[in-house]
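Summary of the model geometry
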Amino acid sequence: MPTLRRRTVLAGTAATAALAALPALEGGTAHAAEPQPQAYRWRNAVIGGTGFVTGALFHPTTPGLAYARTDIGGAYRWDARTARWTPLTDHLGWDDWNLLGVEAMAVDPAHPDRLYLALGTYAQSWAGNGAVLRSDDRGTTWTRTDLTVKLGANEDGRGMGERLLVDPRDSDTLWLGTRHDGLLRSTDRGATWAAAPGFPPAPFASGQGVSLLVAVGRAVYAGWADGDGGASAVGLYRTADGTTWEAVPGQPTGTAARIPVRAAYDRHARELYVTYADAPGPNGQANGSVHKLATADATGTGKWTEVTPVPPGGSDTFGYGGVAVDARRPGTVVVSTNNRWAAVDTLYRTTDGGRTWTSLKDSAVFDVSETPFLKWGGDQPKFGWWIQAVAVDPYDSKHIVYGTGATLYGTRDLVHWAPRIRGLEETSVLQLVSPPVGEAHLLSGSGDIGVLYHERLTASPSRGMATNPVFGSATGLAQAAGRPAYVVRTGWGDHGNGAFSDDGGRTWAPFAAQPSLAHDAPGPIAANADGSVLLWSFVHWDGTRYPAHRSDDNGATWTEISSFPKGATPVADPADPTLFYAYDTDTGTLQASTDSGRSFTARAGGLPAGDSQFQLVAAPGRSGDLWLSVKWNGLYRSTDGGATFARITSCRAAYTLGFGKAAPGAGYPALYLVGSTESITAVHRSDDEAGSWTRINDDRHQWGWTGQAVTGDPRVYGRVYLATNGRGIQYGDPVR
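Let me sum up the structure you'll find in this document. (Residues numbered from 1 in each chain as written. Predicted model: local features only at pLDDT ≥ 70, side-chain atom pairs only at ≥ 80, totals over all residues. Heavy atoms only, no water.)

Right, let's get into the overall build of the protein. The helix and strand inventory of the protein stands at one helix and 56 strands. A compact globule built from 736 residues would reach a C-alpha radius of gyration of about 27 Å, and the protein, at 27 Å, matches this within 12%. Overall, the C-alpha framework of the protein stretches about 85 × 50 × 45 Å when taken along its three principal axes. Each of the 736 residues in the protein was classed as buried or not, and the buried ones make up 61%. For the protein, the share of sequence-separated contacts (at least 6 apart) that also reach a separation of at least 24 residues comes to 53%. (Helix = DSSP H or I, 4+ residues; strand = E, 2+ residues; numbered from the N terminus. Rg over C-alpha atoms; globule rule 2.2 N^0.38 Å. Buried < 20%, exposed > 50% of the residue type's maximum accessible area, 1.4 Å probe, protein only. Contact = heavy atoms within 4.5 Å.)

In C-alpha cells form, the structure reads like this:
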C-alpha cells in the first residue's frame, strides 16, 4: 500500500439537549430486541489481492500447506486442492477492528495442525492492545489471548519478521517479538505471556524493537532493530537455553547492516542468512546488505560472510527484504530487494551459497490476465515493490512465491509468474455504486487502485483500473440518478484528479479543467439528477478543508461556492436536478440548495456534530427523502428536504446506510445498515422503512470495521454490497 492507511477514530460530540427535543419517527420501537440473523451467503466481489502481503510461509513438514499474512486484511491458509486462499480471521468483529492486521505468524514443524497469529494493526495510543490466536485445526477455529501490549501490523517495519516463533526445543514454548515492549515468552502454547528472562536490549516507545525470530538448530536468534549501526551496535542476539542471551559474535555493522529485516536457516549447510537495511521499510530504505553466518565453523563462534548480490549505490538506492532457503538444495537461497524505485525491485537467487546470484526479474514472463489491474493503466505489470515476503516450497525447489504491495506472485519454473491470489482480497474500499441499468451491477472506488467497473462479481474487472486518468486512491464516485450512463469520479493522481464517463463507467475522459487545489486536495463529488451540474468538495490528506466548486459544463469551468460547508460531502437529490444537500458536521446543520448548487442555506439544525464521518444519503426515486447516519447518536430521517429530521427509534447506532430493490409487495426500497439495534454492531436489512430490522451477517462474517459504505442492488432484492477496510468488497445474497 503506497500510503499507510488507518481508520480515523473520532470521539464525536453529541448535542444532547438538542437531541432530546427531536421527535421520534413513528413506527419504530425504541431499542428493539436484537434481530435474529437471516441466512445469507457472503462472498468477495473478486478483485484479487490489491494490498500489502507482508508474510508468506510454507509449512516445513506438510506438503501443500501454506499461510499468508497482510497488514490490514487478516491471515489466510492455502488450499492446494482448490488453489485458493481461505480467510482465517473474518470472525473478528466491529470492536476488534484493530486485530485485522497480522503482525506475525508461526507454525509448529512437529504439529502440522497448529497455527499461531499475533494480531494488532496499530501500536498508537488510540488503538487497542494486540492479541494472539492459537489453533489446533489450521485456523478453522481459534482460542484467543489478549495481550497487554500493542502491535503494529500496518506501521513501519510490518514486512519484517517473523516476530513469532515456536521454540525448536519445546512445542509448548513460544516467543513473540514486540516493537515497544521487548521480547515476550509463553510456556503454555500462547495462553499466557511474560517478559522473556535475560533478553538484553531495553525497549523504548518509539522504536521497532524485535524485528525477527528464527530457529537455528536448537537455538533461537532474535533480531533487534533499534541499533544505530555503529561499530559497537548489536542487531542480533541468540540463546541456546531459553534464558541466557548473548550478542552474536562478529556480526556486521554499519549503515548497510543497521536493521536485520529477515532471516532464514539452511539446515543442510548449517548457515543462517540475514537481510539488512538502513530503515525498517517498506518505505525509506536506501541501503542494505545480505550476510550469512556459518553456525558450526571450526572456531565454535561462527563465521560471517557478506554475500550481498548487488550493493546499493548512486541513484540505485534500496534495502534488502525477504529471504528464503531451499530445503531440498543446500546453498540455494532467494532474497529480495526493497524500495528500489530506480531499477525496480527484483528477486536474486543463488545456488552456491551466495558466491554468485541471478536476478529472476531479468527472465520473468508475467501473466496477470486473472487480475488486470496489476498493469496500473500501462501495457505491462511491474515485477513488484515492497517485496519483503519471500517463500520457497520445501517440496518443490522451483515453486517460489513473493508478496508485493498489491499481490502475491508465484512461479513453478523460475520464469513464468502469475498472481497466486485467488481468495485473498485486501482492498480498502471507499465508495460503492450499484447502477440501476447496464452490464455492471457494481462500481467501486478504493484505496490504492482507484475506480473499478465490475462487469462480473466472480472475476476481477477485465478493464483493470479506470484510466484516463489513472488514480491511486479514489475520493469520490457518483452517478446521475436520472441519467445513469453518466458517472463521475475523483481521486489522487498525477495526471488529473477528476473524470467523467458517458457509458456507465466503462471508459473515461478527464475534466477539461479543474480547480488549482484539486491536485493536493481532491475530495468527494456529486452529479445532479440529470448530470448537468457537478459539485466538487476539497479535502487535503491532512484534513484541511476548502471551498467546494461547481461546474455546469461537464468540468470545463469551475466556480467556487462559498456558502457550501467546507469539506462536506455533496449529495444530489435523485429526482429534482435543482436540489443539492450537504451536512455540516461542524455545526450539526443540514444545508440545502434549490438553485442547482449555486448557493446553500441552512435548514434543520441542532443535530449531532463533531464527526466528519457522519453520512447523509438520499433515498432513490424520491425528492427530499434524506437519511442521516450519526454513529452512536443513531439514525435520522427527513421527508421534507432537510427542513426537519426525526430520529429512527428502532436503531441505536448507524454508521452507513444504503438502498436496494424493494421486497416483493413493498413500496419502499430495502434499507441496508451497518449499525446496531441493541448491542451488536452488524449488517442489517429493513423492508419496512426502518420499522424493523433483520441482521444479515453472522458471527463468522464480520470483517472488523465496516462503516465506510454499504449499498443494496436496485435490480436484485436482498443483495447487498459492503465496503471493508482490508477485506475487499463483500456481497451477500439471501439463502433461498
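Before going further, it helps to examine the pattern of salt bridges. Under the counting rule described, the total for this entry stands at 30 salt bridges. With a shortest N-O distance of 3.2 Å, E271 and K292 are connected by a salt bridge. Taken together, the positions of E271 in strand β19 (residues 271–277) and K292 in strand β20 (residues 288–294) put the pair 21 residues apart, joining distant regions of the chain. Note on E271: relative accessible area 14%, which makes it buried. Residue classification places K292 among the buried residues on the basis of a relative accessible area of 12%. (Salt bridge = Lys/Arg side-chain N within 4 Å of Asp/Glu carboxyl O.)

So, on to the sheet that holds strand β40 (residues 545–551). Across a sheet, strands are paired by hydrogen bonds formed along the backbone, either parallel or antiparallel in direction. Within the open sheet, the four strands sit side by side as β38-β39-β40-β41. Their pairing is antiparallel. The sheet terminates laterally at β38 (522–527) and β41 (559–561), the two strands that pair on one side only. Averaged over all adjacent pairs, the angle separating strand axes in this sheet is 30°, with direction ignored. Bridge count between strand β39 (residues 534–539) and β40: five bridges; the pairing is antiparallel. If you follow L535 over to β40, its bridge partner there is R550. (Pairing = 2+ DSSP bridges. Axes fitted to C-alpha atoms, helices over the stretch in contact; angles between N-to-C directions.)

Right, let's talk about the pairing of strand β14 (residues 210–216) for a bit. Taken across its seven residues, β14 has six buried, putting it largely inside the fold. Pairing geometry for β14 and strand β15 (residues 219–224), over six bridges, is antiparallel. Within β15, the position partnered with V214 by the bridge is Y221. Here β14 folds back onto β15, and the loop between the two strands holds two residues, one of which, G217, carries a positive phi near 65°.

Another point: the packing of aromatic side chains. Tallied over the full model, the rule gives 31 aromatic pairs. On the numbers, 4.9 Å between centres and 35° between planes, the contact of W536 with F538 is tilted. We note that W536, like F538, is buried. Taken together, the ring pairs connect Y486, F500, F511, W536, F538 and W558 into an aromatic cluster. A cation over a ring is seen here: R340 above F318, with NZ or CZ 4.3 Å from the ring centre. Above the ring of F471, the side-chain terminus of R489 is found at 4.4 Å from the ring centroid. (Phe/Tyr/Trp six-rings, centres within 6.5 Å; stacked < 30°, edge-to-face > 60°. Lys NZ or Arg CZ within 6 Å of the ring centre and 35° of its normal.)

So, about the sheet that holds strand β24 (residues 347–350). The strand order across the open sheet formed by four strands is β22-β23-β24-β25, and the pairing between neighbours is antiparallel. Of all the strands in the sheet, the pair left with one neighbour each is β22 (319–325) and β25 (358–359). Sheet topology places β22 next to strand β23 (residues 333–338); five bridges connect them, and they run antiparallel. In the sheet register, Y320 faces β23, and the bridge partner there is T337.

With that settled, the discussion passes to the nonpolar core. Core analysis: the biggest nonpolar cluster contains 34 residues, and L347, V390, I400, Y402 and L432 have the highest contact counts within it. Only β27 (389–392), β28 (400–403), β31 (429–433), β55 (716–723) and β56 (729–734) provide two or more residues apiece to this core. Membership of the second largest hydrophobic core comes to 20 residues, among which are A653, Y672, I696 and W703. (Core = buried A, V, L, I, M, F, W, Y, C linked by side-chain atoms within 4.5 Å.)

Let us look at the environment of S289. For S289, the location among the structural elements is in strand β20. Judged by relative accessible area, S289 falls into the buried class, the value being 3%. Every residue in contact with S289, bar those within four places of it in the chain, is listed here: A256, A257, V274, T275, Y276, E306, T308 and Y320. At 3.1 Å, the side chain of S289 and the side chain of H291 are in polar contact. (Polar contact = N/O pair within 3.5 Å; in protein donor to acceptor, adjacent residues only side chain to side chain.)

This next bit is on the side chain of T404. Its location among the elements puts T404 in the loop between β28 and β29 (408–411). Look at T404 and you get buried, because its relative accessible area is 2%. Separated by 2.9 Å, the side chain of T404 and the backbone nitrogen of A406 make a polar contact.

Let's shift gears to the pairing of β56. Looking down a regular strand, the side chains alternate between one sheet face and the other. Burial within β56 is extensive, with six of its six residues counted as buried. The alternating pattern of β56 places I729, Y731 and D733 on one face and Q730, G732 and P734 on the opposite face, and all of these are buried. Bridge count between strand β1 (residues 40–45) and β56: six bridges; the pairing is antiparallel. Bridging across to β56, W42 finds its partner in G732. Looking at chain direction, β55 and β56 are connected through four bridges and run antiparallel. By the bridge assignment, L722 is partnered in β56 with Q730. Linking β55 to β56, which pair antiparallel, is a turn of five residues; within it G726 sits at a positive phi near 125°.

Attention now moves to the environment of I400. Mapped onto the secondary structure, I400 falls in strand β28. Of the residues examined, I400 reaches a relative accessible area of 0% and is grouped as buried. Once the C-alpha coordinates of I400 and T681 are considered, the two residues, 281 residues apart in sequence, prove to be 41 Å apart. Sequence-distant contacts of I400, that is, excluding residues within four places in its chain, are made with V334, L347, L360, V390, A391, V392, Y409, G410, T411, L414 and W417.

So far we have only geometry, and geometry alone does not tell us how the molecule works.
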